[in-house]
Structure formats: C-alpha cells, structure tokens
Amino acid sequence: MLSVVVDSPHKMGVREVPLPVPAAGEVRVQVRYAGICGSDLHIFHGKNPFVSYPRIIGHEFVGRIESVGPGVDAVRLGETVAVDPVISCGHCHACSIGRRNVCRNLTVIGVHRDGGFSQYVCVPARNAYRIPAEIADTCAAIVEPFAVAANATSRTGVLPGDTALIYGAGTVGLTLLQVLKRVYGVRTFITDRLGERLQLARACGAAEDEIVNTSVETLSEALQRRGVEGGPTLIFDAVGHPAILEEAVRLAAPAGRIGILGFSSEPSSIVQAELTKKELTLSASRLNCAMFPQVIDWISRGLIEPEHIVTHKVDFRQVEQAFEQVELKPAESCKILLDFTMASQ
C-alpha cells in the first residue's frame, strides 16, 4: 500500500509500505479522505517533541472498515467511520476523572503511532465512529477539528448571554465560530489579518459587524464601536501567540472565561492583578475528550457545516505540493483534504 511517510524532519514522500494487520480489538480502515492540520506541518519540520521517525502522519480522516481483528464483531465490516486519534490508558488519574485526552500515557494516532495519510490504517475499534449515510465523506473527514472546538467550548462553558471573541480565522477559529454561532447561538466576533480568511468566516455564520480585520482597525476600538461594553465574556485564543493571551486578559469582561488552545513555548507576561480583580477563568484545552458522537450528531442535524472550511481537495500523491500550498498561501488555504479515492484510478 502507499502511505505518506515523514522519514525525518524536512524529508517526506509517498512510500510503498506493508499492509498492516489489525490486532485484537482493532479494525483496518481503507482511507477515503484525510485533512491536513498545522500539527502535521510541525511534524514535517521536526517541531513536535513527541514524534519518532519515520512516521506515517495524519489524524483527521474518514474511511471504510474492511477488516477486523480478534474480538471485533464482523458486523462492522463496511461501516464508514471517522477516527478519533486519542488513545488513552483508562486507568491513570486523568482517565479516572473523565479527562482521557490528557492521559498520562496518551497515544495520538498520526503522532505517537502511524496515522491516516495512508491507503490503509489500523486503529482501535472503539475509536472508529460510524458515520450516517447522509453525511458526506468530505465532511466526515474533518470531524476531528470540530471535536477540538467542542472540547474547548465544553471546557469554558457557553452561557446564553455571552459575547464571544475568537482570535484567528484559521481552521480552529472557524470551527469554534460555527459551534458558538450555530450550536449555542451567541454573538461571536472573530478577528484576523487576512481578508480571505475572514471571508470564510462569513460563510461560517459571522455577521458583517462581527468580523474584525486587525490590519485595518485595532481590536479594542472595533469592539467599542460595535457596542461591546465591558469586554467579551468569552474569549478563545486560536492562534497561540503569547501577546494574544496578554491582550485577551486585558480585554475580557469581569468574570470572563478565556479558552487557550495553542502550544506556544514562549512565556506570556500576564499581570496577576488583572486575573484576580476580574476573577477571570483560564481554561486550557487539548485535543478532544470523547466529542466525536456530539459532533457527528451536530452535522447530522445541520447545526454545523464542515464543508465551509474545505478549500482544496488534492490527490494524496501530491501531498508535498499541498503542504507548500498551506505554508506559502495561507490566505487561500484553510482545510486541504488529501483524496485517497483516486488511488486505484
């Protein structure tokens, strides 16, 4: 079979590798589509400390179960499934309190073990969630980033009277936008410096006065002009730059909540008094914690529309060009899907 293998930092190619055999409790999935995530680029550039090389990358994907290992009911053969990349041990402290996404022995498909940029991949059967027939494969391929958004909003909570602010109109920001606007129905501002990304925000549900292009107006003044008195009550940093957290703390309303999703290793200069006097809550969020069923239900009911963030579909054999597209043309590229349905053509 053919797989996208990162042999070492900055060295990647489509390689012929042996067909994997599902172990006990596993299924083998024939991949149809897989989404390119920023973390895949981090692995390619050697910036993920958890990866050992060579590695078949990819943690956003959909496919069909075509083989089952011992202990898995053969009735699952033929199911279309989206795969949750989070594999937990089930017995550490985090797992025992329902926080398996930060398991002490965490394994992430496409990071710690081979992932979905491949014609076939073996995964735990419990991580393969059946996709209803009415959901298109291209939507099912990106359940995972919406599960990240679902996890972040679960961590912060969303109140009916919230005024939300999202930093960044990339994949994470746009999935958060859809969840906040379409699922919870709260007023949500989104900011970016790229007009093309903000155009996608409009398609994802943002009203014209909820879009702030910080290349032409400052955020604080924009919020004031739009009648946000006292600051947003709910803020999400979907960029991960230290300066953003610092600004979010200054802008947040008293009793506000700030959701943090980035992995920046640079320190932020936050004044403790700002946190305490407004009694702010900082909620970090990593990956997702069993959010796939929730997201699949939202898609089935038409509450969220993943197709709005898909900008390109390319043959998986063109993965290097796709990575270049993501890195060199960010204004034009949001979610790029690798198409494995062309493999036999």
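That block above? That's the structure.
Residues numbered from 1 in each chain as written. Predicted model: local features only at pLDDT ≥ 70, side-chain atom pairs only at ≥ 80, totals over all residues. Heavy atoms only, no water.

Quick look at the nonpolar core
Counting 47 residues, the largest nonpolar core has L174, L177, L180, I190 and V295 as its most contacted members. A total of seven residues in this core trace back to one element, the largest contributor, which is helix α4 (residues 143-156). Residues in contact with L180, not counting those within four places in the same chain, are T153, V158, A164, I166, G185, V186, T188, L234 and F236. The next biggest cluster of nonpolar side chains, apart from the first, holds 41 residues, and it includes V27, V31, I87 and F340. (Core = buried A, V, L, I, M, F, W, Y, C linked by side-chain atoms within 4.5 Å. Buried < 20%, exposed > 50% of the residue type's maximum accessible area, 1.4 Å probe, protein only. Helix = DSSP H or I, 4+ residues; strand = E, 2+ residues; numbered from the N terminus. Contact = heavy atoms within 4.5 Å.)

Examining the packing of helix α5 (residues 171-184) against helix α6 (residues 195-203)
At their nearest, the axes of α5 and α6 sit 10 Å apart, and the two run at 25° to each other. By the angle between their axes, α5 is roughly parallel relative to α6. Note on packing geometry: the crossing formed by α5 with α6 is right-handed. Across from T171, L174, L177 and R182 in α5, the residues of α6 making contact are R197, L200, A201 and A203. In the contact of α5 with α6, the residues fall into five nonpolar, one polar and two charged. (Axes fitted to C-alpha atoms, helices over the stretch in contact; angles between N-to-C directions. Parallel < 35°, antiparallel > 145°, perpendicular 65-115°, else oblique. Left-handed = near helix turned anticlockwise from the far one by under 90°. Nonpolar A, V, L, I, M, F, W, Y, C, P; charged D, E, K, R; others polar.)

Here we look at the packing of α4 against helix α10 (residues 292-300)
Two numbers describe how α4 lies on α10: the axes approach to 9 Å, and their chain directions differ by 110°. In terms of orientation, α4 lies roughly perpendicular with respect to α10. Where α4 approaches α10, its residues V143, E144, F146, A147 and A150 are matched on the opposing element by F292, V295, I296, W298 and I299. Classifying every residue of the contact of α4 with α10 gives nine nonpolar, no polar and one charged.

Here we look at the sheet that holds strand β14 (residues 234-237)
Strand order in this open sheet of six strands is β13-β12-β11-β14-β15-β16, and the pairing throughout is parallel. Both outer strands of the open sheet, β13 (211-213) and β16 (281-284), are each paired with one neighbouring strand and no more. Within this sheet the neighbouring strands show an average axis-to-axis angle of 20°, counted without direction. Both strand β12 (residues 187-192) and β13 contribute to a ladder of three bridges, which runs parallel. Paired with D192 across the bridge in β13 is N213. Sheet contacts for α4: β14, β15 (257-260) and β16; angle to β14, the most-contacted strand, approximately 140°. Against the sheet, helix α8 (residues 242-251) touches β11 (163-167), β14, β15 and β16, its axis set at about 165° to β11. (Pairing = 2+ DSSP bridges.)

Notes on the pattern of salt bridges
Opposite charge on two side chains lets them pair, provided their charged atoms get close. All told, the structure shown has 19 salt bridges when counted by the stated rule. Its salt-bridge partner being R28, residue E66 comes within 2.4 Å of it at the nearest N-O pair. One end of the pair, E66, is in strand β5 (residues 61-68); the other, R28, is in strand β3 (residues 26-35), with 38 residues separating them in the sequence. You can call E66 partly exposed: its relative accessible area is 23%. On the accessibility criterion, R28 (11% relative accessible area) is buried. Here E217 and R226 are joined by a salt bridge, their closest N and O atoms 3.1 Å apart. (Salt bridge = Lys/Arg side-chain N within 4 Å of Asp/Glu carboxyl O.)

A closer look at the packing of aromatic side chains
Applying the stated criterion across every chain, the model contains three aromatic pairs. Judged by centre distance (5.9 Å) and plane angle (90°), the ring pair of F44 and F323 falls under edge-to-face. In this pair, F44 is assigned in helix α1 (residues 38-44) and F323 in helix α11 (residues 319-328), connecting sequence segments 279 residues apart. There is no split in this pair, since F44 and F323 are both buried. For the pair F316 and F340, a centre-to-centre distance of 4.4 Å together with 15° between the ring planes defines the contact as stacked. Of this pair, F316 sits in the loop between β17 (310-315) and α11 while F340 sits in the segment after β18 (335-339), and the two are 24 residues apart along the sequence. Just as F316 is buried, F340 falls in that class too. In this structure, R286 packs its charged tip against the face of F50, placed 5.7 Å from the ring centre. (Phe/Tyr/Trp six-rings, centres within 6.5 Å; stacked < 30°, edge-to-face > 60°. Lys NZ or Arg CZ within 6 Å of the ring centre and 35° of its normal.)

Everything listed is a geometric property; what it means functionally is a separate question.
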